[in-house]
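Structural characterization, general
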Amino acid sequence: MDTIDQVAEKRAEAEEDARAQVIAVDDLHKSFGSQTVLNGISLTVSRGETLAVLGRSGTGKSVLLRLIIGLEKPDSGSVRIHGQDIAGLALDQLGEIRMKMGFLFQHAALYDSLTVEQNVAFPLQHHKKTMSKSEQGDRVKELLAEVGMEGDLNKMPSDISGGMQKRVGLARALALEPDILLLDEPTAGLDPISAAEIDDLVLKLQAEHHMASIVVTHDLHSAKTIADRLALINEGNVVIEGAFEELQRSDIEFVREFLGHS
Amino acid sequence: MIDRRSRAVALLPSMGSSTPGLITRFLEWFGDLGIFFWRVVRAAVTPPFEFRELFRQLDEIGSMSLPLVALAGAATGVVLSLEARYSLTRFGAKSLLPAAIVFSVIHETGPIITGLVVSGRVGAGIGAELASMKVTEQIDAIEASAVNPYKLLAAPRILACILVLPLLTLAADLCGLVMGWVAQALVEPLSFHQFISSGFKGADFNDLLPPTFKTMVFGLIIGLIACFQGMRTRGGAAGVGRAATSSVVLSSLFVILADVVLVKLILIFFP
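The structure contained in this document is the topic of the report that follows.

1. A closer look at the overall build of chain B
- Counting its regular elements, chain B contains nine helices and zero strands.
- Reading chain B from its N end, one meets helices and strands in the order α-α-α-α-α-α-α-α-α.
- Counting only C-alpha atoms and orienting by the principal axes, one finds that chain B spans roughly 70 × 65 × 35 Å.
- By residue count, 43% of the 271 residues in chain B fall in the buried class.

2. As for unusual backbone geometry
- Looking along the chain, the bond that leaves B:Pro47 and enters B:Pro48 is cis, with omega of 0°.
- Positioned with a positive phi, A:His82 is a non-glycine residue whose angle comes to about 50°.
- If you trace the backbone, A:His82 turns up in the loop between strand S4 (76-81) and strand S5 (84-85).
- Take A:His82: there are 16 C-beta atoms within 10 Å of it, and that puts it in the partly exposed class.
- Look at A:Glu177: it is not a glycine, yet its phi comes out positive at around 50°.
- Take A:Glu177: it is sitting in the loop between helix H6 (162-174) and strand S7 (180-184).
- Residue classification places A:Glu177 among the partly exposed residues on the basis of 13 C-beta atoms within 10 Å.

3. Comments concerning the packing of helix H3 (residues 97-135) of chain B against helix H9 (residues 236-269) of chain B
All names here are of chain B.
- With their axes 8 Å apart at the nearest point, H3 and H9 run at an angle of 150° to one another. Relative to H9, the element H3 is oriented roughly antiparallel. By crossing handedness, the relation of H3 to H9 is classed as right-handed.
- Of the residues assigned to the contact of H3 with H9, the class counts are twelve nonpolar, eleven polar and one charged.

4. Points about the sheet that holds strand S10 (residues 237-242) of chain A
Residues and elements named next belong to chain A.
- One open sheet accounts for six strands, arranged S6-S7-S8-S3-S9-S10; its pairing is mixed. Among the strands making up the open sheet, the edge pair consists of strand S6 (101-104) and S10. When the angles between neighbouring strand axes are averaged without regard to direction, this sheet yields 15°.
- Bridge analysis of strand S3 (residues 50-55) against strand S8 (residues 212-216) gives four bridges, and the strand direction is parallel. Within the sheet, the bridge partner assigned to alanine 52 lies in S8 and is valine 215.

5. Digging into the sheet that holds strand S1 (residues 21-32) of chain A
All names here are of chain A.
- Strand order in the open sheet made by the four strands is S2-S1-S4-S5, with antiparallel pairing throughout. The two strands at the open ends of the sheet, each matched to only one other strand, are strand S2 (35-46) and S5.
- Bridge count for S1 against S4 is five bridges, and the pairing is antiparallel. Each bridged residue has a counterpart across the sheet, and for valine 25 the counterpart in S4 is valine 79.
- Sitting on the sheet, helix H2 (residues 61-68) touches S1, S2 and S4, and the angle it makes with S1 is about 120°.

6. Examining the interface of chain B and chain A
- The interface of chain B with chain A comprises eleven residues on the first partner and 15 residues on the second.
- Taken together, the residues that form the side of chain B that touches chain A break down as four nonpolar, four polar and three charged.

7. Brief notes about the nonpolar core
- In this structure, A:Ala171, A:Leu182 and B:Cys227 are the most contacted members of the largest nonpolar core, which totals 121 residues.
- If you tally residues by element for this core, the top one is helix H5 (residues 149-187) of chain B, at 14 residues.
- Dropping the residues within four chain positions of it, A:Leu182 is found in contact with A:Leu65, A:Ile68, A:Ile69, A:Met101, A:Phe103 and A:Ile214.
- Residues B:Ala100, B:Val105, B:Leu177 and B:Phe195 belong to the second largest nonpolar core, which totals eleven residues.

8. Points about the packing of helix H4 (residues 116-127) of chain A against helix H5 (residues 133-146) of chain A
Residue and element names in this part refer to chain A.
- Contact geometry of H4 with H5 gives a least axis separation of 9 Å together with a crossing angle of 125°. Our classification of the angle between H4 and H5 gives oblique. Between H4 and H5 lies a crossing whose hand is right-handed. Two secondary-structure elements touch here, H4 through Glu117, Val120, Ala121, Leu124 and Gln125 and H5 through Gln136, Arg139, Val140, Leu143 and Leu144.
- By residue class, the composition of the contact of H4 with H5 is six nonpolar, two polar and two charged.

9. Comments concerning H6(A)
Residues and elements named next belong to chain A.
- Here H6 spans 18 Å end to end across 13 residues, near enough to the 18 Å set by a 1.5 Å rise per residue.
- Burial analysis of H6 places eleven of its 13 residues in the buried class, the great majority of the element.
- Within H6, the full set of buried residues consists of Met164, Gln165, Lys166, Arg167, Val168, Gly169, Leu170, Ala171, Arg172, Ala173 and Leu174.
- Each element contacted by the buried residues of H6 is listed here: S6, H4, H5, S7 and helix H7 (192-209).

10. Here's the deal with the pairing of S7(A)
All names here are of chain A.
- Of all the five residues making up S7, five are buried; the element is thus mostly covered by neighbouring parts of the structure.
- Burial of the side chains of S7 extends over both faces: Ile180, Leu182 and Asp184 are buried on one face and Leu181 and Leu183 on the other.
- The sheet contact formed by S6 and S7 spans four bridges and is parallel. Residue glycine 102 lies in a different strand from S7, and its bridge partner there is leucine 181.
- In terms of strand pairing, S7 meets S8 through five bridges, oriented parallel. Residue leucine 181 lies in a different strand from S8, and its bridge partner there is serine 213.
- With respect to chirality, the unit in which S7 leads through H7 into the neighbouring parallel S8 is right-handed.

11. Let's talk about H3(B)
All names here are of chain B.
- Compared with an ideal rise of 1.5 Å per residue, which puts 39 residues at 57 Å, H3 spans 53 Å between its outermost C-alpha atoms and is within 8% of the ideal.
- Remark: the principal bend of H3, roughly 55°, maps to valine 105.
- Across the 39 residues of H3, 30 count as buried, placing the element largely inside the fold.

Calculation notes
- Residues numbered from 1 in each chain as written.
- Chains lettered and ligands numbered in written order.
- Predicted model: local features only at pLDDT ≥ 70, side-chain atom pairs only at ≥ 80, totals over all residues.
- Helix = DSSP H or I, 4+ residues; strand = E, 2+ residues; numbered from the N terminus.
- Buried ≥ 20, exposed ≤ 12 C-beta atoms within 10 Å, placed from the backbone.
- Axes fitted to C-alpha atoms, helices over the stretch in contact; angles between N-to-C directions.
- Parallel < 35°, antiparallel > 145°, perpendicular 65-115°, else oblique.
- Left-handed = near helix turned anticlockwise from the far one by under 90°.
- Nonpolar A, V, L, I, M, F, W, Y, C, P; charged D, E, K, R; others polar.
- Pairing = 2+ DSSP bridges.
- Contact = placed C-beta atoms within 7 Å.
- Core = buried A, V, L, I, M, F, W, Y, C linked by C-beta atoms within 7 Å.
- Expected span 1.5 Å × (residues − 1).
- Right-handed = clockwise from strand over helix to strand, strands pointing away.
- Bend = angle between axes of the 7 residues up to and from the residue.

Structure below.
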């Protein structure tokens with residue numbers, strides 16, 4: 001039988017674990033019509049950790065990110081951010097949680113009627129109203145310098161390349177200093193050099209900002225470079241989760257097949 | 001005969017299954033529209049308010065629509081003048097011509113022409129713009145940035161439509177009356193002062209204000225349907241095209257239907 005001190009210690013450990021688990025996805029199900037996309041998936045990501053989610057096209061990797069940020073609602077299961085279940089939250093309450101999250105969309109999703117500078121300033125204008133215009137301008141320049149885009153302030157999104165758009169998207173995602181970063185196919189559609197640059201950038205940002213990150217990708221090389229752990233998804237669930245070496249040692253046929261073809 | 005009957009019977013099951021399906025889809029659409037409207041209202045009345053976006057939309061919807069509305073109003077005035085002159089002369093009531101033009105323009109043709117022109121120009125514009133933002137995930141990006149898209153995108157556009165329609169209607173009325181007078185004066189000399197004093201004889205504010213302010217309902221319909229159709233779009237470039245088309249078709253249709261109801265209500269409450 002545990003003493004009172006032991007019980008308190010265990011409770012403190014449990015609370016510490018919950019705090020460390022910045023993102024906790026539990027038994028998540030999502031279907032679109034008759035098509036089941038996620039079938040009871042569970043994942044956790046701790047502060048300072050990067051999880052790469054791999055899988056074939058159409059296996060619900062992007063849907064998983066959209067569920068985590070609340071752009072889609074799950075059929076069942078829960079998504080906890082810093083221990084708070086986001087299901088059933090009103091838009092304003094969800095907004096509070098989203099301010100702690102940065103999201104890089106697959107095609108960057110820059111606002112096409114705004115310049116690069118205005119795109120990055122957008123979250124600041126809406127959430128940092130105490131900052132003066134010049135302070136906001138300085139912060140935008142700082143963010144763009146961080147992603148190597150400080151010379152393109154006045155360009156429109158249509159005037160820059162896909163890789164540059166992703167850099168700007170990344171700067172916008174970091175504008176509110178989030179402690180969670182969600183990256184949807186950050187290197188998709190980029191040439192190997194641009195993809196490597198994005199990987200280096202993510203690693204640099206990760207080291208500087210110490211965020212909990214989930215990277216959805218097809219690119220095994222990129223996943224290996226930037227992630228601490230990898231999770232391979234098939235048929236709506238995690239087939240295997242662990243370091244790259246663990247995946248390499250796996251006897252599961254799908255894992256071997258996936259690694260063999262990547 | 002047997003063949004024809006069997007073919008008709010064969011059609012029945014498909015009609016039976018498609019008609020309830022259509023009704024269900026129609027009711028679903030209305031339900032979704034109601035939920036959308038509620039979200040916009042809640043976003044619109046909760047601070048912070050997006051005044052800068054509202055002013056931008058007032059300029060975009062109001063100033064940019066003015067030339068088209070003025071032209072449509074002017075053309076309507078000319079046509080009304082020509083048609084009414086021909087008809088009233090046949091029945092020996094030519095002296096009523098100014099009154100016929102004035103009452104037709106301010107009661108009905110000014111407001112409905114404005115409603116239809118704006119639903120064409122603005123409905124298509126809003127529908128296509130928001131649909132394009134939706135399919136390129138820009139609306140999701142707004143939401144992911146913890147900004148309420150109902151507050152930032154829908155509320156200012158709908159509010160701008162509501163505020164601008166009565167002003168555009170007054171512009172259409174004015175152009176219609178001036179060009180109605182010009183068309184008449186070209187045939188038979190008549191001063192503008194004579195035309196107006198004769199046309200407005202017996203008229204009061206009830207003849208001008210309710211028909212003008214009913215266009216606020218048209219503005220609500222145009223803004224609401226265009227934003228709704230745009231923000232629920234799916235399916236790439238084709239989806240954008242469908243959103244623009246459906247915004248124009250549905251908003252024009254509902255403007256006409258609303259006009260029928262509003263005219264009846266105005267006749268009851270402002271006899």
